[in-house]
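# A look at the structure
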Amino acid sequence: MHGAVPDACIRAVPEGMQLIYWDYYHNDQAHYEAFIDRYTPFDRPLLFAGSTWASRGPVPKYGRSFVTTIPALNACKKKGITQVINTVWSDDGSENSLITALPGMQLYA
C-alpha cells in the first residue's frame, strides 16, 4: 500500500497510460500539492485539468476561476507538472458565449 493507493490499483494502470488530476474547486495551493503527491506511486506522467467557471449564468465567474486556478498552477509548477489543460463547461443554464472564457484561458497560457 502506497499511502491511500492500494498496490493492486497501481499495478492495474497499463504501461504508457497518462493520468489526469481533475480539480477546479479548491483555492489552497497546499491542497493541490497534496493531491499531486498522491499520484507519485503510479510513476506515470501527470496532466492537470482545471477550469474556467463558465457553466452557469450570463458571464463566466472570473473571480472563482482565478481563485482556484492560480494556486493550482502554482502547485503544478512547484511539483514539476508540465502539462495542464483548461476545461470550459457549458451546462447547468449557461447563457454566455464560450468566447467570454478567453480571459480564464489566458491564465493557462
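A brief structural summary. (Residues numbered from 1 in each chain as written. Predicted model: local features only at pLDDT ≥ 70, side-chain atom pairs only at ≥ 80, totals over all residues. Heavy atoms only, no water.)

## Considering the sheet that holds strand β3 (residues 83-88)
Under the convention used in this document: Here, a strand pair is defined by DSSP locating no fewer than two bridges between the strands. The numbering of helices and of strands both runs from the N terminus, where a helix is a DSSP run of H or I of at least 4 residues and a strand a run of E of at least 2. Angles shown run from 0 to 180 degrees and are taken between the N-to-C directions of axes, each axis being a line fitted to C-alpha atoms and, for helices, limited to the stretch in contact. Between two residues, a contact is recorded if the distance between any of their heavy atoms is within 4.5 Å.
On the basis of which strands lie adjacent, the open sheet formed by three strands has the order β1-β2-β3 and parallel pairing. The open sheet has two free edges, formed respectively by β1 (19-22) and β3, since each of these has just one partner strand. Sheet twist, expressed as the average angle between the axes of neighbouring strands with direction ignored, equals 30 degrees. One ladder, built from six bridges, connects strand β2 (residues 46-52) with β3; its direction is parallel. Counterpart to Leu47 in the pairing with β3 is Gln83. Contacts between helix α2 (residues 29-37) and the sheet are confined to β1 and β2, with β1 contributing the most and set at about 155 degrees to the helix. Most of the contacts of helix α3 (residues 62-79) go to β2, to which it runs at about 165 degrees, and overall it touches β2 and β3.

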